[in-house]
Amino acid sequence: MNNPKKTAIAMGVAQLVLMASGAVMAQTAPAVDATPTVIVSGQRAALQSAQKLKQNADEIIDSVVADDIGKLPDKSVTEVLQRMPGVTINRTLSRSDPLQGVGEDGRFAAEGTGVSIRGLNYVRSELNGRDSFSANGGRALSFEDVPPELLAGVDIYKNPSAEQIEGGIGGLVNLRTAMPFDFKGLKAAVSAEASRASLRGNTKPSLSGMVSNRWETPLGQFGALLDLSHSEISTRSNGMGVGHYYSRTDAVIGDTSGQERWITPGVNWNTSDFDRTRDGLYGALQWKKGDILSGLTYFKSKYKLVTAENALYTSSNPRNVTLDPGATFDASGALLTGTLRNTKDNGIGFGSNARSVGRESETTDIAWNTKWRVSPQLQVQADLQHTRSTTDGSDNLVALAGQMPKQTVNLSGSIPVLTFDDADRAFLAKPSSYNWDSTQQHRDHAVATQSALRLDGTYSFDHPVLNDLRFGVRATDRSSLTQANTPNSQWTALGATWATGDAGWQPLSSFINLADPRFAGNTTTQAFNGFFNGKTPLPAPLIVPDASLTTGGSPPPGFTTLHNFVQAVCKPDHKSDGICNWTPAPFGDPIARNQQSERTTSAFGQLRFGFENLPYPVDGTVGLRVVRTEETAVGRTLFTPPTVAAGLVGVPVIAAINDEQTLHHNYTNTLPSLNLRLKAGSELQFRFAVSQGISRPDFYRMQAYTTLGVNPKTHNDAAGNPVLDSIEYTGSANGNTMLKPTRSNNFDLTAEYYFGASSSATLSLFHKKLKDIVVDKTTYYPLTDSAGQVHNFLLNSPVNGADGRVTGFEAAYQQYFDKLPGLLSGIGVSLNYTYIDSRLDMGLPKDRQWCTPSSAGNDLVASLGGCDTNGRFLGDLPVSGLSKNAFNVALLYDKGPWSARLAYSWRSQALGSVHTWGTYGTDGIDRNPASPNAGNGYSVNYVVPSWSGGYGQADLGVQYKPTENTTLAFDVSNLTDALYKSYNQQGIGLKLTGVNYTGRRFTLQARYSF
C-alpha cells in the first residue's frame, strides 16, 4: 500500500508530515472533493484535517484539530473532549484519592473534570504519544490542568493496537503539540481575550503567543518553537441541597392515620466563588541532516484553583423532625411542601460556614527523540522522556451552629424554594442565634515522577501483502508519594452540642456564643445577592465566619484564636481533655502517607499488511505486546494486642506489630490485538478490531496501611470469673498492594462513509468484557500466634472482586451544504450519538431485601449495593460514571470572513458512586419488621448511591476575519443557563439532593498571526 504510516505513538518522519499537514490545513487547506474547489480555513479546515486522520488511521480513532494556532474549539481540554463520540465528562470537583481531600465530593466545577470514554474511566493520557499524568493518586492527566492554547490537536483511540502503550481499556487520549518543521518558515501568532461570568461579574484576561522558525545551515536544518499561555477565569456557583428522605408514620402533627411518609430534615444552600489561573510553556527544537531527524521538547503546565464558600446546612435527628398540619406529599409519600420543626432538640440544627479550598498543580515533561533511516527498508528511533508532576491542596473551614425554630420548604419544582417570614429573618440576623462550632484543617502534597526509555524500529517489506514490521521495547521507572494531615484529626470541635452541658462527662460549661463579648467579632453577613439569578427566591442573610479565618496557612492563624475560646468555657476538671487542648492535625504520619514505585518493561511486535488486489481491498495490523510490571509499596501494618482480664483463658498471644514494611507485587500481561479495514470503495470502508487490554489499579488504591485488632467477647460466671464467649478478628485496610490490573476483551465493528472533504457518516458497535474490577470487599489477613496457629482477620479492603461488560454503539454525521445557494452554502452540521448498556457483577446476593440489623457482613454488602435509610437493600447497580445516552449537536457556519458554531452537548443520568461523602450515615430509621431495632432512630447504617442528573449545555462561538491575519471571536458558554442536578437513589426513586447554577460566561478574543 502507498498510504502514509499513521499511528498514535510512532515518532517517525511520517508523523511529522501528518502534523505538518494538519497545521497547514488549519490555515488554508483546499477541500479535496469532486465539486468545484472551495478554499477553506479555520473551523472547516480543522474538520477536514480531523476527518482525514480518522479515515487513514490504522486504528479506530476520533480527532479534533485546532482551528488556528492556539485555538482549539473550546476553552478547556475537557470541554473539547466532550464533543467527541463516546466521551463524557464529570462536572464536579471530586478527587479520587482520599488523601487529597476531606472525603467530600460533589462541589460543582467551573470547568469539566474527569473524562470517561464509552462509559469507562479507565482512560490513559498521552502527550505527543508519550505517557503523561498528574500527581492525583491515579494514572491519567487531570485534563483541566492542561492549557488548550498549547495544543495542535487531540486524538482519541477507541481500541489501541499493540504498538501503543498499555493501560487504557476505556480509551487513549493523545494531546498533540506543533513542531518547528510543521511550518515552512517563520510563523507567529498572538491572542488576547477577556472573559466575564454573569453570576460573578468579574472580567479576567487570557494571553497566548507562539513563534516558530526554521533555518538551512551547513550543519543541517534547524527549527525552534516557543509557545506561551496565561489564562484566568472567575466564576460563581450557587447551590441548594436537600437532605436524605426518611420513612416516618408520625411526622405530621395531628395525623394519626399511620400512613408512611418520607421526609427530609431540611434544605441547605451555598454560594462559592472560583478563581482559576492556568499557565503553560512549551518549547521545541528540531534538527535534521540526511537520514537523521532529532527533536527536543519541553512542556510545562501550571494550574491554580481557589474556592471561597459560604453555606447554610441543616443537621437534625430525623426521628425528631415534625411537620405542621397541611404538608403535602407526592404519590410515593415524599414531602413536597411543608414547615419543618424539631421541638425535641430545641429547633432544627443548622450551621453556617466559611470555607477556603485551594489547589496548585504543576506538570513538567521533557522529551528527546531521534530517528535514523538506516536503509530504505529500516528505520530506528530512540525516545527518552522524564515527567514530574506535583500538587498541593488545602481545605480549611470554620463553622457556626445553632437551632432555628422552623424551616418552610417547597420541593415540588426543579429548584427547592425556601420561605422566610420576618421572625425567620430576625432569628438568622441575631448574633445570639450562633455559637462557634468547629474547625476543619486539611493539607496535602503529592509528587509523581516517571522516566521512560523507548527503542523502536520499522522494517519495510517490498512485498505485495506485507508492508512493514514494527517492533520495540520500552522501560519505565515511576514513583508516587502523597502525604496529608491525619484523617481523624482534621475536624475538631469548638463549642459542640455534645460537649456542652451539666453532665459530669461534658467538658464545656456553656456554648461559645457570638453574643458574648469574649467571643464576638470575626464574622460577617452573607446576603446571597443575585442567588440563582432570580430563578429562586433569595435565602435570608446569614452570619458567617470571616473568610480571613480560613486562609494564611495550614492551619490558618485564626484557628488558634478560635480554639483559645474553648479555654474560657472549659470546666476546671476537664482542662486536659482533647477538646480543651487543640493541636494542629499531624502531617504525613503513616496513615496519611502513600509511597509507591513501579517499574515496567515491555516489548511489542506489530505487522502491517494489505491485500490490495482483492475486489474489496483489506489492510490492517496484527500485533502482540508483552509487559512486565513490578510494584513496590512502603507502609505499615499495625497490631496492638488486647488487654486481657486476669484469669481469662483462650485469647491467643500475638506479638505486636508496628514496623515499616516494603511490599512487592509483580505480574506479566500478554496483550494481542488485530485491526482490519475493508475498503468497499473510495468513500466507504469498514473496520473490525479485537484486542486485550489492561488498566493498572490507581496508586491510591494500593496504599500499604493496615490496622488489625482482637476483640474478646466475655461474660462473668457465678463466681465472678471472666469466661471467653468468642473472639472477633477484625481490621481495616486503606489499600491493597496485591491488586491486579483490570482486564478487558475489546471488540469493535465500524462503518465509515466519507462523501466529501469534511462530510462523513459513521456507525460504531463496541463491546468490552471486563474482569478483575477493583471494589471494596471483605477479605482476610492472616497472623500467626505464639503457638503457631494462624488467625484470619476480617477486614474491608480494595480487591479484584467484580466483573462487568459494556456494550453500545456510536453514530456520527457531519456535512457542509456547499450546494445551497448564496450565503446558505456556508451552513454545516455535526451530530453524534452514543448508547451504552452495562452490567456489573459484584457477587451480591440476588434475593436480599434488607441490610438490617447492622452487622459487619450486612454493612459491607450495603456499601457495595446500597442500603436505604429504612434498611431496605437497593442493589442491581450499573457501572459507575456511565450515561446510557449521550449526544452532541452542532450547527456550523463558514462563509467568507464569518465562522460560527452553536453546539449542544447532553448526557443522561449516571451513577456517581455508592459510598462517598454525603451518601451515608447512621441515623436511619429501621423498617425491617424482623429487626429488633424496628422503628428506632439511629438504627440503620445506610448508604444511598449518588447519581449525576442528565445535563445538557449549549455553547456559541462566532468568529470574524477582517483581514487574512486577524481574527475576532466572541463565545458564550452555557447559553441555555442550565442547572446541574444530583440525586440520591432511594426506594422511592431518585431524589434530588443538589442543584447548582453557574450562569453564562462570555469571552471576547482577538488573534493575529503571520
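Engineer: Please explain the pattern of salt bridges as it appears in this structure.
Structural biologist: Between side chains of opposite charge, pairing is possible as soon as their charged atoms come close. Taken as a whole and judged by the stated rule, the model has 50 salt bridges. Residue Arg118 is joined to Asp748 by a salt bridge in which the shortest nitrogen-to-oxygen separation is 2.5 Å. Remark: Asp748 occurs in strand S36 (residues 742-756) and Arg118 occurs in the loop between strand S5 (115-117) and strand S6 (123-127); sequence separation between them is 630 residues. No difference in accessibility class separates Arg118 from Asp748, as the two residues are buried. For Glu232, the salt bridge identified is with Lys204, shortest N-O distance 3.9 Å. Remark: Lys204 occurs in strand S11 (residues 203-217) and Glu232 occurs in strand S12 (residues 220-242); sequence separation between them is 28 residues. The exposure class assigned to Glu232 is buried, which follows from its relative accessible area of 18%. Using a relative accessible area of 24% as the deciding quantity, one classes Lys204 as partly exposed. Among the charged side chains, a network of salt bridges with common partners joins Lys54, Asp62, Arg118, Lys158, Asp748 and Glu810.

Engineer: Help me understand the packing of aromatic side chains, please; the structure alone is not making it clear to me.
Structural biologist: Two aromatic rings, taken as a pair, are described by how far apart their centres are and by the angle between their planes. Considering all chains together, one arrives at 24 aromatic pairs under this definition. Relative to Tyr997, the ring of Phe532 lies with its centre 5.8 Å away and its plane at 20°, an arrangement referred to as stacked. With a gap of 465 residues between them, Phe532 in the loop between strand S28 (523-526) and strand S29 (542-545) and Tyr997 in strand S49 (residues 989-997) connect regions that are remote in the sequence. Like Phe532, the residue Tyr997 is buried in the burial classification. Note on Tyr1008 and Phe1010: the rings are 6.0 Å apart at their centroids and 40° apart in plane angle, and the pair reads as tilted.

Engineer: In this structure, what is going on with the sheet that holds strand S9 (residues 171-176)? I would like to understand it.
Structural biologist: Strand pairs in the sheet, formed through backbone hydrogen bonds, run parallel or antiparallel to each other. Spatially, S3-S8-S9-S6-S7 is the arrangement adopted by the 5 strands of the open sheet, whose pairing is mixed. Taken across any chain shown, the strands that pair with only one partner, and hence form the sheet edges, are strand S3 (61-65) and strand S7 (130-131). Inspection of the sheet shows strand S8 (residues 153-157) paired to S9 by 5 bridges, in the antiparallel sense. Note that in S9 the partner of Tyr157 across the bridge is Leu172. Those strands touched by helix H2 (residues 42-56) are S3, S8 and S9, and its axis lies near 155° from that of S3.

Engineer: Explain the state of the cysteines here, please?
Structural biologist: Using the criterion set out here, one finds 2 disulfides in the structure. Paired through a disulfide, Cys570 and Cys580 show a sulfur-sulfur distance of 1.9 Å. Here the disulfide of Cys570 and Cys580 is right-handed, its torsion about the S-S bond being about 90°. Here Cys580 lies in the loop between helix H5 (557-569) and strand S30 (593-611) and Cys570 lies in the loop between H5 and S30, a separation of 10 residues in the sequence. Judged by its relative accessible area of 8%, Cys570 falls in the buried class. Taking relative accessible area as the criterion, Cys580 reaches 1% and is therefore assigned buried. Taken in N- to C-terminal order, the disulfide-linked cysteines of the protein chain are connected 1-2, 3-4.

About the criteria used
- Residues numbered from 1 in each chain as written.
- Predicted model: local features only at pLDDT ≥ 70, side-chain atom pairs only at ≥ 80, totals over all residues.
- Heavy atoms only, no water.
- Salt bridge = Lys/Arg side-chain N within 4 Å of Asp/Glu carboxyl O.
- Helix = DSSP H or I, 4+ residues; strand = E, 2+ residues; numbered from the N terminus.
- Buried < 20%, exposed > 50% of the residue type's maximum accessible area, 1.4 Å probe, protein only.
- Phe/Tyr/Trp six-rings, centres within 6.5 Å; stacked < 30°, edge-to-face > 60°.
- Pairing = 2+ DSSP bridges.
- Contact = heavy atoms within 4.5 Å.
- Axes fitted to C-alpha atoms, helices over the stretch in contact; angles between N-to-C directions.
- Disulfide = S-S within 2.5 Å.

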